[in-house]
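# Understanding the architecture of this molecule
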Amino acid sequence: MKMLKQHREFLVYCLFGFLASVLNIAIFNLAHNNLAMQLWLANTIAWFISNLFSFFVTKYYVFQTEMTDYKKLFHEGGCFLLSRIFSLVIDDLFMIVAVLILPWNNLIIKAIDQIIVGLFNYYSSKWIFDYNNRHLMERFKNLRTKRQKERQV
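Next up on the list: the packing of aromatic side chains. Taken as a whole and judged by the stated rule, the model has 5 aromatic pairs. With centroids separated by 4.9 Å and ring planes inclined at 75 degrees, the aromatic side chains of phenylalanine 55 and phenylalanine 56 adopt a geometry described as edge-to-face. On the basis of relative accessibility, which here comes to 5%, the residue phenylalanine 55 falls in the buried class. Between phenylalanine 55 and phenylalanine 80 the ring centres are 5.3 Å apart and the planes differ by 65 degrees, which places this aromatic pair in the edge-to-face class. Highlighted residues: phenylalanine 55 in helix α3 (residues 39-62) and phenylalanine 80 in helix α4 (residues 70-101), separated in sequence by 25 residues.

Here you go:
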């Protein structure tokens with residue numbers, strides 16, 4: 001039981017990450033294989049929708065942070081999506097190389113891709129929502145404020 005509590009965050013992230021990956025794969029499949037969208041466009045649409053879902057479940061259920069105001073929500077959302085843009089680049093490149101250059105099945109590659117991208121996303125999300133980092137950020141803000149006051153004097 002102690003081990004479950006100790007690793008709760010990661011296990012819950014894996015559950016919701018799995019759901020986000022299933023959503024991503026389903027949207028990609030619909031857009032690329034059924035609606036005949038280009039690979040990168042279908043992949044990007046799937047990325048956007050699954051990351052929007054992922055932001056809210058990661059915030060509320062994984063790291064259990066509350067929404068205190070809209071400014072904070074948009075700030076966290078912006079940081080979240082910015083960190084995920086890097087994973088989108090990895091995602092698109094992996095898909096393009098594996099599907100267009102190598103003749104591999106796009107859904108199998110998409111599933112493998114989601115595991116790789118999911119690990120990167122966990123650590124970037126942990127940094128954004130884990131408020132152990134907030135203390136470090138508060139120190140930087142206090143240091144900046146102190147320096148600005150010293151300059152004014």
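From this point on, the discussion continues.
Overall, the coordinates contain 3 salt bridges when judged by the stated rule. For lysine 110, the salt bridge is made with aspartate 91, and the minimal N-O distance between the two is 3.3 Å. Note that lysine 110 is positioned in helix α5 (residues 106-129) and aspartate 91 in helix α4, a separation of 19 residues in sequence. Across the pair, exposure class does not vary: lysine 110 and aspartate 91 are buried alike. The partner of aspartate 113 in a salt bridge is lysine 110, and the shortest N-O contact between them spans 3.8 Å.

Thresholds applied
- Residues numbered from 1 in each chain as written.
- Predicted model: local features only at pLDDT ≥ 70, side-chain atom pairs only at ≥ 80, totals over all residues.
- Heavy atoms only, no water.
- Phe/Tyr/Trp six-rings, centres within 6.5 Å; stacked < 30°, edge-to-face > 60°.
- Buried < 20%, exposed > 50% of the residue type's maximum accessible area, 1.4 Å probe, protein only.
- Helix = DSSP H or I, 4+ residues; strand = E, 2+ residues; numbered from the N terminus.
- Salt bridge = Lys/Arg side-chain N within 4 Å of Asp/Glu carboxyl O.

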